[in-house]
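Structural characterization, general
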Amino acid sequence: MDQTTWNFIFIGITFAVYIGIAIWSRAGSTKEYYTASGGVSPFANGMATAADWMSAATFISMAGGIAASGYGASKFLMGWTGGFVLLTTLMVPYLRKFGKATVPDFIGDRYYSNAARLVAVICAIFICMTYIMGQMRGVGIVFSRLFDIEIWMGVLIGGGIVFFYAGLGGMKGITYTQVAQYCVMVFSYTIPVVFISIIITGSALPQLGLIGNYIKDGAEESVPLIVKINQISTDLGFAEYTASSSNTLDMFCITAALMIGTAGLPHVIVRFFTVKNVKAVRKSAYWTLGFIAIIYLTAPALGMFARTNFVEEINQKKYAEAPQWFKNWENQGMIAWVDKNQDGIMQYKAGSVFDGKPVYADEGRIEGGPRPVSNTLADSENEVYYDRDIIVLANPEMAGLPKWVIALVMAGCVAAALSTAAGLLLVLSTSISHDLMKKILKPDISDKQEIRYARIASFGALAIAAYFGINPP
């Protein structure tokens, strides 16, 4: 079977599961819509919270940042994971004891003020809208690569799926859908890395492959992979891969900011309202950290393997003999080459190939050469531009893995974006229907009307997010 068929099979199966769960777990009351009636087990909630947190940024961009920055990107691993420690020790137990279903509801009642409630609603809307726009963009990029369609079409498809299961099932539907999405994500993230680790280092455990010897292509003198990637980086004019890109104070401050930011994300906080009591909240947090660790401990190996494969596949190779994955992503505008010295060979070195991101002309790629660009060329020897977001998506293709693995990775990327988008959408809809309409504007509305307002708010929020996903600011 060709790649498109595999893509249809994997995406079709996962979408069928998500829609089936939404129909099975349709919310019939506001309690089910907002908190799944508080009946979710700590294990299931831990898995759903991990899926909620692992957005397109985590799944797609984190490993791309590690591949590009090396050790310097470790602040994301430490900050994002550490945020859950703050969340579970200093915030969630006390929010849960108060017995409210949303953060604005807690703030409004805690400070006896509808003005404070309104401020919290506005904050939640701004946070969630900013975040959900990125998820929609991620969905569009993945779908455009999967099925060779325009990004706007991919955004609309993803938005329609999210609206169906989030608007229909509320927190109850989202929770069990996210359990399925986590399973898709963890397999799609780890299986390719295991394959690549075996190919490059001979180790089936990527974490050991990270510190193992490089043996690809039966190299007679194997060397530690870390030593090899450091040598490759310095040869190309970059800093050593294991060198820090910032001083200790910068690293501490950025890590702390990421921790606090994670602890304040409303779509993660509300997940802990779905379990029975405070004890279940703490158990749920332990499960969440465990499920997140599976992917976060794999990401450094993925980044290093991808960096090694990318350089070996691209640098000093003739453009006419460029691998098919390079041409595929070039057609999507995510990678580009400009022959500065007119020798037909791709030179990947330190420095920017463009004065800014390449902007492609409408007529498309010139036969036998790069697409025309409107930017002036930067003064460096580098001839290759790539968007870091393609690292995870293109990694299986770079390593020559089977087509079903590539399709699995794509399904995982879609699951990551959809799971977070659904959680954000729920916070948006409940903030508007419960905290704005029910608590401030129309206190006398019924539960049925409240859910109707929530679904209308979901549609409006998705429409705005889809627009900015298609036309990013």
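Here is what the cut-offs are and how they apply
- Residues numbered from 1 in each chain as written.
- Predicted model: local features only at pLDDT ≥ 70, side-chain atom pairs only at ≥ 80, totals over all residues.
- Heavy atoms only, no water.
- Helix = DSSP H or I, 4+ residues; strand = E, 2+ residues; numbered from the N terminus.
- Rg over C-alpha atoms; globule rule 2.2 N^0.38 Å.
- Buried < 20%, exposed > 50% of the residue type's maximum accessible area, 1.4 Å probe, protein only.
- Contact = heavy atoms within 4.5 Å.
- Areas by Shrake-Rupley, 256 points an atom, 1.4 Å probe, with all protein chains shown as cover.
- Lys, Arg positive; Asp, Glu negative; His and termini not counted.
- Charge placed at Lys NZ, Arg CZ, Asp CG, Glu CD.
- Salt bridge = Lys/Arg side-chain N within 4 Å of Asp/Glu carboxyl O.
- Polar contact = N/O pair within 3.5 Å; in protein donor to acceptor, adjacent residues only side chain to side chain.
- Phe/Tyr/Trp six-rings, centres within 6.5 Å; stacked < 30°, edge-to-face > 60°.
- Lys NZ or Arg CZ within 6 Å of the ring centre and 35° of its normal.
- Axes fitted to C-alpha atoms, helices over the stretch in contact; angles between N-to-C directions.
- Parallel < 35°, antiparallel > 145°, perpendicular 65-115°, else oblique.
- Nonpolar A, V, L, I, M, F, W, Y, C, P; charged D, E, K, R; others polar.
- Core = buried A, V, L, I, M, F, W, Y, C linked by side-chain atoms within 4.5 Å.

1. Details of the overall build of the protein chain
- Counting its secondary structure elements, the protein chain contains 18 helices and 6 strands.
- Whereas a compact globule of 473 residues would reach a radius of gyration of roughly 23 Å, the protein chain reaches 23 Å, a difference of no more than 12%.
- Within the span of the protein chain, comprising 473 residues, buried residues form 56% of the whole.
- The contacts of the protein chain with a sequence gap of at least 6 include a subset with a gap of at least 24, amounting to 79%.
- Working note: accessible area of the protein chain is about 19,500 Å², and carbon and sulfur atoms make up 63% of it.
- Within the protein chain, the 33 negative side-chain charges are centred at a point lying 16 Å from the centre of the 35 positive side-chain charges.

2. As for the side chain of Arg271
- Note on placement: Arg271 falls in the loop between helix 12 (266-269) and helix 13 (278-296).
- Within the buried set, Arg271 has no salt-bridge partner at all; the shortest N-O distance to an opposite charge, 4.4 Å, is to Asp52.
- Within the structure, the side chain of Arg271 is placed 3.1 Å from the side chain of Gln178, a separation counted as a polar contact.

3. Regarding the pattern of salt bridges
- The full count for this structure, using the stated rule, is 3 salt bridges.
- A salt bridge links Arg117 to Asp105; the nearest nitrogen and oxygen atoms lie 2.8 Å apart. Residue Arg117 is located in helix 7 (residues 114-147), and its partner Asp105 is located in helix 6 (residues 103-110); the two are separated by 12 residues in the primary sequence.
- Overall, the relative accessible area of 4% leaves Arg117 in the buried class.
- Its salt-bridge partner being Lys349, residue Glu381 comes within 2.9 Å of it at the nearest N-O pair. With Glu381 in the loop between strand 5 (345-346) and strand 6 (384-386) and Lys349 in the loop between strand 5 and strand 6, the pair connects residues that are 32 residues apart, well separated along the chain.
- Given the relative accessible area of 54%, Glu381 is considered exposed.
- Connected via shared salt-bridge partners are Asp105, Asp109 and Arg117.

4. Some remarks on helix 16 (residues 390-398)
- The buried count for helix 16 comes to 9 of 9 residues, which makes it a mostly enclosed element.
- Three or more residues of helix 16 are buried, namely Ile390, Ile391, Val392, Leu393, Ala394, Asn395, Pro396, Glu397 and Met398.

5. Notes on the packing of aromatic side chains
- This structure, assessed with the given rule, holds 20 aromatic pairs.
- Seen in terms of ring centroids, Trp53 and Trp80 are 5.8 Å apart; in terms of plane orientation they differ by 85°. Their pairing is edge-to-face. Here Trp53, found in helix 3 (residues 42-53), pairs with Trp80, found in helix 5 (residues 74-98); they are 27 residues apart in sequence, far enough to count as distant. With respect to class, Trp53 is no different from Trp80; both count as buried.
- Between Tyr348 and Tyr386, the ring centres sit 6.1 Å apart and the planes meet at 65°, which makes this aromatic pair edge-to-face. One end of the pair, Tyr348, is in the loop between strand 5 and strand 6; the other, Tyr386, is in strand 6, and 38 residues separate them in sequence. Across the pair, Tyr386 and Tyr348 agree in class, each one buried.
- By way of ring pairs, the aromatic residues Phe238, Phe310, Tyr319, Trp325, Phe326, Trp337, Tyr348 and Tyr386 are connected into one cluster.
- Stacked on the ring of Tyr214, the Lys or Arg Lys228 has its end atom at 4.6 Å from the ring centre.
- For the cation-ring pair, Arg307 lies above Phe238, with the distance from its terminal atom to the ring centre recorded as 4.7 Å.

6. Some remarks on the packing of helix 16 against helix 17 (residues 403-441)
- Running from N to C, helix 16 and helix 17 point in directions that differ by 170°, and their axes come no closer than 9 Å. If you check the angle between helix 16 and helix 17, you find them roughly antiparallel. Residues Val392, Leu393, Pro396 and Glu397 of helix 16 lie in contact with helix 17, whose contacting residues are Val405, Ile406, Val409, Met410 and Cys413.
- The class makeup of the residues in the contact of helix 16 with helix 17 is 8 nonpolar, no polar and 1 charged.

7. A few points about the nonpolar core
- Among the nonpolar cores identified, the biggest contains 138 residues, and Trp53, Val162, Phe310, Trp325, Phe326, Trp329 and Leu418 are the most heavily contacted of them.
- For this core, the leading source of residues is helix 17, giving 19 residues.
- Counting residues in each nonpolar core, the second largest holds 5 residues, with Ala336, Val338, Val353 and Tyr385 among its members.

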